[in-house]
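Analysis of the macromolecular model
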There are 2 protein chains.
Amino acid sequence: MKIGLRHIRYFLVLAEDLNFRRASEHLHISQPALTRTIQHLEAELQVTLFDRSQNFVRLTDAGRAFREGGQRVLNGMEATIDLTRRVSIGEAGALRVGYTDFAIADALPELLKRFHQEHPGITVRPHHGVTATQLQELKDDKLDIGFVTGPVRQPGFQSRVVQTDRPICIVPEGHRLASRKSVALADLADEDFVHGPAEAWAHFYDYLFPLCRKAGFQPRIVQEAFNSVGILGLVSCGMGITILTESIYDFGTGGLVPLPIRDVADVMVTEAVWVSENLRLPTQHFVDFLEHQENS
Amino acid sequence: MKIGLRHIRYFLVLAEDLNFRRASEHLHISQPALTRTIQHLEAELQVTLFDRSQNFVRLTDAGRAFREGGQRVLNGMEATIDLTRRVSIGEAGALRVGYTDFAIADALPELLKRFHQEHPGITVRPHHGVTATQLQELKDDKLDIGFVTGPVRQPGFQSRVVQTDRPICIVPEGHRLASRKSVALADLADEDFVHGPAEAWAHFYDYLFPLCRKAGFQPRIVQEAFNSVGILGLVSCGMGITILTESIYDFGTGGLVPLPIRDVADVMVTEAVWVSENLRLPTQHFVDFLEHQENS
DNA sequence: AGTTTCTGATGCATAATAGGTATCATGAAA
DNA sequence: TTTCATGATACCTATTATGCATCAGAAACT
């Protein structure tokens, strides 16, 4: 014979009532059924849980220990069933969200905050990563939603623009352009540029380089930093200038001058991306959530 | 139908193997039995736990949630059974120990430390209280062992001496007796005394007053403090002198002078006390432990 | 003192549940 | 195509839980 949850349920009611007949009524079973269930439980444990006589029933020390543990087990069981059900209908669960420096600097925090308000049971797990990494992780089912530099037009993905940024030129204090109110892209043709590594920042370059080509030059990149914070650091050291977005610039630590670029109309888009099929429920909820964000 | 531990056990093995046949072999049941148990579990939860096809079986998100919770429930069950068994044989449990200021100041800490080494599963719960309180709590089964000022000779109790203290006289610095090396009891006949309230300290008075009477005086108590720390505080303020034990004096905060009393041979005993019958197992263990302490 | 009325325990028959064997349907590999 | 492995189903059996009737002992009332 094996101890089951039934034994615990019966035991706990009896431990409460300390009376076999009343407990059996609360359990909607007959008194002999309760008596024997408790006997089986005690036999299996090889422990006397109740001191009984015709006049009184009371817990032994071991019975008290079993009551505490049994209560915990039952609570845990109930919580597990509830959680499982809520996960199955998408009320609970985890959502793995990838983000770039550009996304985390602007739209993402507010978006995740609102999502959490609408779906408090879903835990958001943020994963930092550049666009290419995120797209691969989406394919490998390591990620549910990516926030990447767009536009993404690969088959198998769906996406939605969540953020648009105008590029700005960032120069160190004392730079020859630092006193300007704005610059034209062609003004930067002869400058040294600081940027991220080519592979990781490919999607940003896809946006930036065509603009420069139209302006008649190819940026000369003299320094590569690991991320946007590093880029800003190198710029403020006077290693060169860079082109980033306003939101990223806000993370700079000083010693920097932002310059609008007046002849660039194209914006850099950040998109939420997800794989087209077999969405997990939390992902589906997030996609639905994104849809009705268009009003705001 | 109700979910039982059986369902969880089967589920967890299947979640491990992800193969009905192999899992059924590990469980020493037939494959159809496992199939149906999982079906029942899913039906009861109204949740699909496994994606199945002829080629693969894999957990759903809900299945993963259930696996975590189920594992916790099973672990909790096992721990509960184990603890209950250990409580029933006295390997685990709680021991409610009462103590006086005199006991805690000397023998008790070392004694409890050794007891804990011999019975690591038993949790000692200390309760401070004067002798009379402890004896009442022992009767009411609020306490398992009391450490009280003896001798205790009431029926229904058993006791064992664990500590003997010689009384010392404590006077404030600058007192007329402060420069003595020792005093005789009769020297104190005309002093003001500071002591604890009569009801609570009855057992200490039972020891002290007869000694004074033999020396030809009745102590004049001018101040009552709540406990021994308070007594020492009032003495150091110059409110009077007191008679306590050396171990208690060590807790004083300074400004005090201890004086041996040279003509008192009787010691004040502190005893461990317990009720004579129906000892709980941890109590029995402690009593046995006390017995073989006599060597030390 | 006798009777009623509680208590928990037990014997026996029945109902509910779990399990085993044989077999089916389906998809992948040979 | 055949073979093999998978999980699902049908049918019967074994195990376990339950209810009913009843017992035995103690307490409370008459």
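The coordinates are above.
Report follows, based on the coordinates.

Thresholds applied
Counting of residues starts from 1 at the beginning of each chain's written sequence and follows it residue by residue. All chains are assigned letters beginning at A, and all ligands numbers beginning at 1, according to the order in which they are written. Two thresholds apply to this predicted model, a pLDDT of at least 70 for residue-level local features and 80 or more for giving and counting side-chain atom pairs, whereas whole-chain, interface and lining totals are computed over all residues. As a convention, hydrogens and water are excluded, and side-chain values are obtained from all of the structure's heavy atoms. We call a residue near a molecule or strand when any one of its heavy atoms sits within 4 Å of it. For this analysis, a polar contact is any N or O atom pair within 3.5 Å, provided that within protein one partner can donate a hydrogen and the other can accept it, and provided that sequence-adjacent residues contribute only side-chain to side-chain pairs. Think of it this way: any DSSP run of H or I at least four residues long counts as a helix, any run of E at least two long counts as a strand, and we number them from the N terminus. Gly falls in the polar group here, along with every residue not listed as nonpolar (Ala, Val, Leu, Ile, Met, Phe, Trp, Tyr, Cys, Pro) or charged (Asp, Glu, Lys, Arg). Strand pairing requires that DSSP identify at least two bridges connecting the strands. By convention, orient the strands away from the viewer: a clockwise path from the first strand over the helix to the second makes the crossover right-handed. Superposition of the copies was done by least squares, using only C-alpha atoms of residues whose pLDDT is at least 70 in both. Any two residues whose heavy atoms approach within 4.5 Å at even a single point are treated as in contact. Only protein chains enter the accessibility calculation, which uses a 1.4 Å probe; a residue whose area is less than 20% of its type maximum is buried, one above 50% is exposed, and one in between is partly exposed. Salt bridge, as used here, is a side-chain nitrogen of Lys or Arg placed within 4 Å of a carboxyl oxygen of Asp or Glu.

Glancing now at the protein's contact with DNA strand D. Every one of the 24 residues lining DNA strand D counts as a neighbour, but Arg6, Tyr10 and Ser30 of chain A together with Gln39 and Arg52 of chain B are closest to it. For DNA strand D, the backbone portion of the atoms within 4 Å of the protein, that is sugar and phosphate, comes to 67%. With respect to DNA strand D, the backbone of Ser30 of chain A contributes an N or O atom lying 2.5 Å from a phosphate oxygen. Within the contact set of DNA strand D, a phosphate oxygen lies 3.3 Å away from a side-chain nitrogen or oxygen of Arg21 of chain B. Looking at the surface near DNA strand D, the elements with two or more residues in it are helix 1 (5-17) and helix 3 (31-45) of chain A together with helix 2 (20-26) and helix 3 (31-45) of chain B.

Taken together, 23 residues lie near DNA strand C, and Phe20 and Gln31 of chain A together with Arg6, Tyr10 and Ser30 of chain B sit nearest. Sugar and phosphate atoms form 59% of the subset of DNA strand C atoms that lie within 4 Å of the protein. Between a phosphate oxygen of DNA strand C and a side-chain N or O atom of Tyr10 of chain B, the distance comes to 2.6 Å. At 3.0 Å, a side-chain N or O of Arg36 of chain B approaches a base oxygen of DNA strand C. Among the elements of the structure, helix 2 (20-26) and helix 3 of chain A together with helix 1 (5-17) and helix 3 of chain B are those that each provide at least two residues to the surface near DNA strand C. Looking at the surface near DNA strand C, its residues break down into 7 nonpolar, 11 polar and 5 charged.

Our focus in this paragraph is the pairing of strand 8 (residues 192-195) of chain A. Every regular strand shows the same layout, with side chains that alternate between the two sheet faces. Residue and element names in this part refer to chain A. When strand 8 meets strand 9 (residues 220-224), the two strands line up parallel, connected through 4 bridges. Each bridged residue has a counterpart across the sheet, and for Asp192 the counterpart in strand 9 is Arg220. Tracing the backbone out of strand 8, into helix 8 (residues 202-214) and back to the parallel element strand 9 gives a crossover that is right-handed.

Okay, the relation of the copies chain B and chain A next. Of the transformation placing chain B onto chain A, the axial shift is 0.1 Å and the rotation is 179°, giving an RMSD of 0.3 Å. This pairing of chains is accounted for by a two-fold axis. Comparing interface residues between copies, 100% of those in chain B also lie at the interface in chain A; the contact surface is shared.

Residues and elements named next belong to chain A. Tracing the backbone through its elements, the reader meets Thr242 in strand 10 (residues 242-245). Overall, the relative accessible area of 0% leaves Thr242 in the buried class. Reaching out from Thr242, the side chain makes a polar contact with the backbone oxygen of Val194 at a distance of 2.8 Å. A distance of 3.2 Å separates polar atoms of two side chains, one belonging to Thr242 and the other to His195. Not counting the four nearest positions on each side in its chain, Thr242 is found in contact with Ile168, Cys169, Ile170, Phe193, Val194, His195, Ile231 and Val235.

Here we come to the pattern of salt bridges. Residue and element names in this part refer to chain B. A full pass over the atoms with the stated rule returns 28 salt bridges over all chains. Put simply, Asp82 and Arg86 hold a salt bridge, and the shortest N to O gap is 3.5 Å. Of this pair, Asp82 and Arg86 both sit in helix 4 (residues 61-88), separated by 4 residues, roughly a single helical turn. Classification of Asp82 by relative accessible area gives partly exposed; the value is 43%.

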